[in-house]
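# A closer look at the structure
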Amino acid sequence: MTFSSFIYATPVSLLTICAAAAQQPVTQSNGLLQAIGMKPDTVAPLTRTDSLQLNRETPGSTGLTAPRTNAPAAGNRPNSRQPDEDFVPETYYSAETDNDNAPKTGKLSGRLMASQDGKTKGVPFASIGLFRAKDSSSVGGGLTDEQGLFSIPNLASGRYYALVQSIGFEPKTLPRIVITQSKPTLDLGTVTLKQATRQLAEVVVQGERPAFEYTLDRKIINVDQLPIAQGGSAIDILQNVPSVTVDVDGSLSLRGSGNVIVLVDGKPSGLTGLDRQAVLDQIPASNIERIEVITNPSSRFDADGGAGIINIVLKKEQASGFNGNVQLNVGTRDKYNASVNVNARFKKLNLFGSYNFREDRRFQYRVSERQNLFTDSVSYLAQRNDAIRRRVNNNLRLGFDYTLSDHDNISASVLYRPGYSYDSEFETFNTLNANRVSLGQTFRTNEEREPQRGLDYKLGYRRTFDKEGRELTADATLSNNTGTEYQNFTNTTTLPPNLLASSFLIGDQRATNNQNNRVAVLQTDYVEPLKEKQKLEAGLKYTYRQLGADYVFENRDDNEWVLNTAISNNFIYNERTSAAYANYGNELKKFSYQLGLRTEYTTINTEQRTTGQQNNRTYVYLFPSAFFNYNLSQAQKMQVNYTRRINRPSVRSLNPFFDLQDPLNISYGNPFLNPELINSFELSHLWTGKSTSLTSSLFYRQTNNEITRYRTLRDDGITEQTYLNLNRSQNYGLELVLEQELTRWWKINGTATFFQRTIQSSADIPGLLTRTNKSWTGRITSNFRPLRSTSIQVAVNYRSPFIVAQGTIQEFFNVNVGVKQDVLKGRGTISFRMSDIFNTLQFQIDSFGSNFVANTIGKRESRIGFIGFTYRLSRQNAKDRDADSDRQSDDGGGGGMNN
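An account of the accompanying structure is given in this report. (Residues numbered from 1 in each chain as written. Predicted model: local features only at pLDDT ≥ 70, side-chain atom pairs only at ≥ 80, totals over all residues. Heavy atoms only, no water.)

### So, the overall build of the protein chain
Counting its regular elements, the protein chain contains six helices and 45 strands. Burial status across the protein chain gives 53% buried among its 899 residues. Relative to all contacts within the protein chain whose residues are 6 or more apart in sequence, the contacts with residues 24 or more apart total 67%. Working note: accessible area of the protein chain is about 39,300 Å², and carbon and sulfur atoms make up 54% of it. (Helix = DSSP H or I, 4+ residues; strand = E, 2+ residues; numbered from the N terminus. Buried < 20%, exposed > 50% of the residue type's maximum accessible area, 1.4 Å probe, protein only. Contact = heavy atoms within 4.5 Å. Areas by Shrake-Rupley, 256 points an atom, 1.4 Å probe, with all protein chains shown as cover.)

Given below as structure tokens:
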């Protein structure tokens, strides 16, 4: 990272340091420069007793400059100096200024402009530091937005000057800034910057985006700053994200609820298919820019997902010229991944592309015991399943952005995703009597392979207008995912025929499952700034989702394969949702609010073609949202919000056909399920100190018509599992997120969520499903920087036991560690990570029904070591990286999920 980029990352704090350094002897100044990674200054700074004097730019200097100032010679009186254009005599100011006890009601604003490519444009992401004229102490600062606008609030009456810095432009001092009680608001109008006449020398210093960023409405995880995620997938990242827990099967929950929507670049993806979490294990961490966790989305977002939204933002570089990086990771037990990310920018055209390869082989096992409690007998069933699962994924992504005019921009991309999976399973079923004496065993092997292919197409258009803030965007996405699953079963038994379940077929069977998933989205969004601080947002969206699964099952009979119509299954799911929303926002000094309303009209058609069974559902719901923000001070903010959301039944929960892959534990869906309706409330407080930040949130979520799995035991010893609507459930609790800088080289962030969950059964469902318990989750991440080029990260995760409708999921705990070392003068990085270093991560559930109790323990390979190397084809400073990332958000790269 260059020194000038470090200015961008921390403009106020760095300028304050430099101001202090300028007033010290040169030996102390050089010590400070060396401490932050800069070359010693060869020119002693000029001094003056009453004003800030920064070093002039000289050959071999650091690149931080201020406008030239004529300081008095040694021994001269202060009033004998000759000021240049930037010096302001003290007699200029009003006697009303410099009142330290005055209320901080002042505000400074303006716009930075510059001539670029023959056109005058706003200068985005420029650093502005504000200083008192009497002692050069820092009082605030900030960055300009994309249009070059800036605003510095909460100023007391006084005399100030500002220092503006931006890479590629000459620095500029803005003198004669006076804030008075009679005129607390000062608009500087247009401030013009000049382009730098020569390239400043690049100096590498320590300074980068944090791994975790917290705001009132979302948590942002910058993946490149997570050593513990290097070489992994999105699942590995989310195992270390506040508020999120991931079980042994990769299923997510957010604040104790599993109703989570997963988006890619702010849109649904064909990757999700029949399983909303499937996307997470297919996207390598090297292809992810950041992950956003939104616990209570506003009406701009899709109403689906009761617990919230997890948005995966893919990388899309936009730096000038040719840039890129290459990464290679090797893990224990045959795990490999590699990636290449490049982009080339030529004025109006930006081309970007990436390729990612990932091969992953993991073992897992599942052990369960069920006690069958019949009126006249007791028996036991013990099962053990051992499996090796191998995944090979490829991702090839190509795209471009093109600036049609000053106001028009288009973007397009295509993502090609061929993949292959191969699973090998061996399962033992042991039937025991009441004395736990074995009556016989049944053995089942399964060899499964699945080639698959996916294509995602995206097209976007963005138009801005002469009126500041007015914007129109339109997006179209099409995502396809196809695959064929091939299974070969072999079943043998030592059980007597009278004890063998009729559904357990002895001998050889095979099955094919053709899956074809398609998701299409059309949407348009419009933003209209109104008078003063008011803003109106509105949008339309249409989503079409078609998911199909054609399952053909055959038995081997006398060396011939015979179709088994009792198990074969062809299920088609079609969903169409039309949505419209409008949001109105306003800002009144320290108070701001946003009121919104979204309506969604949904039709769902399901067809079980094997049996001819069809089911059609149509419903319309309104989804209001309200957000109220209050800035208690510059360091404290509060927000209270309310949203209404919906959780539509999944395809698997609606499919009525019997799944007999586990013949002693069969399952089927319920086509008559109603969607869940969720009312969610949140009260949040964000406090930011010099080295500490604390976010606290009280939340309450009520879910009506909660969908739950329901399991019963038949007289023949086989369990059936289906899905039911309960009456309601309630989750309420407190979440705390703390970031603390303990020393210059040691930072920690931690999160703890305490909540109580209550499940209430409806009148037609057994009362044993009415339950309540208290639970909590905790996570602590320590970040160490013993050297400027070395990063060490240790994460500790814990979740206490929590309830589901028919059981309790026991606690789980794990520790992850990661190390990154920069080499080759910053162009390369060597990384190492070890997940679950104590091998403690496992899944255990104690479940029950009216006539059975059961215990299941599942363990997936989780203690994995990775070593990797990353090489950057060109170094881009942090200011450009951060600015590009912000532009990506606004251009539909995920941050602007106007759904």
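### Topic: the environment of Asn674
Tracing the chain through its elements places Asn674 in the loop between strand S30 (665-667) and strand S31 (676-688). Take Asn674: its relative accessible area is 31%, and that puts it in the partly exposed class. Counting along the chain gives 33 residues from Asn674 to Ile707, while the straight-line C-alpha distance between them is 8.1 Å. Those residues in contact with Asn674 that sit more than four places away from it in its chain are Arg617, Pro649, Asn705, Ile707 and Asn725.

### Re the pairing of strand S24 (residues 535-557)
Here strand S23 (residues 507-529) pairs with S24 via 21 bridges, running antiparallel. Bridge pairing in S24 links Gln523 to Lys541. Hairpin geometry of S23 and S24 is characterised by an intervening segment of five residues between the two adjacent antiparallel strands and by a positive phi of about 55° at Glu532. The turn joining S24 and strand S25 (residues 560-563), which pair antiparallel and follow one another in sequence, is formed by two residues; a positive phi near 55° is taken by Asp558. (Pairing = 2+ DSSP bridges.)

### Observations regarding the packing of aromatic side chains
One pass over the structure, following the stated rule, counts 18 aromatic pairs. Judged by centre distance (6.3 Å) and plane angle (15°), the ring pair of Phe426 and Phe443 falls under stacked. One end of the pair, Phe426, is in strand S20 (residues 408-432); the other, Phe443, is in strand S21 (residues 438-464), and 17 residues separate them in sequence. Note on Phe443: relative accessible area 23%, which makes it partly exposed. Their ring planes at 45° and their centres at 4.9 Å tell us that Trp776 and Tyr798 sit as a pair that is tilted. Highlighted residues: Trp776 in strand S37 (residues 771-784) and Tyr798 in strand S38 (residues 790-799), separated in sequence by 22 residues. (Phe/Tyr/Trp six-rings, centres within 6.5 Å; stacked < 30°, edge-to-face > 60°.)

### Some remarks on the sheet that holds strand S7 (residues 172-179)
Reading across the sheet, the four strands line up as S4-S3-S6-S7 and stay open at both edges, with antiparallel pairing between neighbours. Among the strands making up the open sheet, the edge pair consists of strand S4 (138-143) and S7. With direction set aside, neighbouring strand axes in the sheet form an average angle of 20°. Judged from the six bridges that link them, strand S6 (residues 158-165) and S7 form a sheet pairing that is antiparallel. Bridge assignment links Arg159 to a residue of S7, and that residue is Val178. (Axes fitted to C-alpha atoms, helices over the stretch in contact; angles between N-to-C directions.)

### Let's talk about the nonpolar core
Ranked by internal contacts, the top residues of the largest apolar core, which has 20 residues, are Leu108, Leu112, Val123, Ile128, Leu130 and Ile177. Each residue touching Ile128, except ones within four places of it in the same chain, is listed here: Leu112, Gly140, Gly141, Gly142, Thr144, Phe150, Ile152, Ala162, Leu163 and Val164. By size, the runner-up hydrophobic cluster in this structure holds 18 residues, among which are Ala234, Ile237, Leu238 and Val264. (Core = buried A, V, L, I, M, F, W, Y, C linked by side-chain atoms within 4.5 Å.)

### Observations concerning the side chain of Glu448
Its location among the elements puts Glu448 in strand S21. With no salt bridge to any partner, buried Glu448 finds its closest opposite charge in Arg389, at an N-O distance of 5.6 Å. Within the structure, Glu448 has its side chain in polar contact with the side chain of Gln487 (distance 3.0 Å). Those residues in contact with Glu448 that sit more than four places away from it in its chain are Ser421, Tyr422, Asp423, Glu485, Tyr486 and Gln487. (Lys, Arg positive; Asp, Glu negative; His and termini not counted. Salt bridge = Lys/Arg side-chain N within 4 Å of Asp/Glu carboxyl O. Polar contact = N/O pair within 3.5 Å; in protein donor to acceptor, adjacent residues only side chain to side chain.)

### Observations concerning the pairing of strand S42 (residues 828-835)
Here strand S41 (residues 812-823) runs beside S42; their pairing, made up of seven bridges, is antiparallel. Opposite Asp822, over in S42, you have Thr829 as the bridge partner. Counting the residues between successive antiparallel strands, the hairpin from S41 to S42 contains four residues, one of them, Leu824, with a positive phi of roughly 55°.

### Examining the sheet that holds strand S34 (residues 719-725)
An order of S30-S34-S33 is seen for the three strands of this open sheet, with the pairing classed as mixed. Each of the sheet's edge strands pairs with one partner strand only, and the pair in question is S30 and strand S33 (707-713). The average undirected angle you get between the axes of adjacent strands in this sheet is 30°. Sheet topology note: the S30/S34 ladder contains three bridges and is parallel. In the strand pairing of S34, Ser667 is matched with Gln721.

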